[in-house]
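Geometric and topological summary
Chain by chain, the residues:
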Amino acid sequence: EGRTSVVRVGSIILAGGRSRRMGQPKESLPFGANTMLGRVAEVLCECTDPVCVVARDEAQPLPELPQGVMVAFDERRDQGPRHRRRGRQLLEHP
């Protein structure tokens, strides 16, 4: 009685897709005064910690992200979300 449990919840944003059908990178699409990826990261930073963006590789341009957001890269390029373990590893062992 009177004990409170604290659960730490983190977020992973998968941002390594090539947006072939969209024709332009979705992560950089304008979203108000921000970008789509920037806004998603901003909202998640308000309710989860840590937040990790998993990008395709270091050459992928990412928009500005909120302070403290971690960035990781796909272990296997162009293999889709099935192989995006790096974000989960960072959340488990920051």
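For the structure, check the block above.
The text that follows walks through the structure, step by step, so that each part is easy to find. (Residues numbered from 1 in each chain as written. Predicted model: local features only at pLDDT ≥ 70, side-chain atom pairs only at ≥ 80, totals over all residues. Heavy atoms only, no water.)

This brings us to the overall build of the protein chain. Per the secondary structure count, the protein chain includes two helices and five strands. When the elements of the protein chain are put in sequence order from the N terminus, they spell out β-β-β-α-β-β-α. Looking at the protein chain residue by residue over its 94 residues, the buried ones come to 34%. A sequence separation of at least 24 residues applies to 54% of the contacts in the protein chain between residues at least 6 apart. (Helix = DSSP H or I, 4+ residues; strand = E, 2+ residues; numbered from the N terminus. Buried < 20%, exposed > 50% of the residue type's maximum accessible area, 1.4 Å probe, protein only. Contact = heavy atoms within 4.5 Å.)

On to the layout of surface pockets. Space inside the largest pocket adds up to approximately 300 Å³. Leu-14, Gly-17, Ser-19, Lys-26 and Glu-27 are the residues nearest the centre of the largest pocket, which is lined by 15 residues in total. Here the lining of the largest pocket takes three residues from helix H1 (residues 36-47), the largest share from any one element. Classifying every residue of the lining of the largest pocket by side-chain character gives seven nonpolar, three polar and five charged. (1 Å grid on protein atoms, 1.4 Å probe; cavity = no way out; pocket = protein on both sides within 12 Å on 5 of 7 lines; lining within 4 Å. Points joined across faces, edges and corners; volume = space filled by probe spheres on them. Nonpolar A, V, L, I, M, F, W, Y, C, P; charged D, E, K, R; others polar.)

This part is about unusual backbone geometry. Backbone torsion omega between Asp-49 and Pro-50 reads 0°, so that peptide bond is classified as cis. Turning to its location among the elements, Pro-50 is positioned in the loop between H1 and strand S4 (51-55). Despite not being glycine, Ser-19 shows a phi value in the positive range, around 55°. For Ser-19, the location among the structural elements is in the loop between strand S1 (11-14) and strand S2 (30-31). For Ser-19, a relative accessible area of 10% puts it in the buried group.

By themselves, these figures tell us nothing about what the structure is for.
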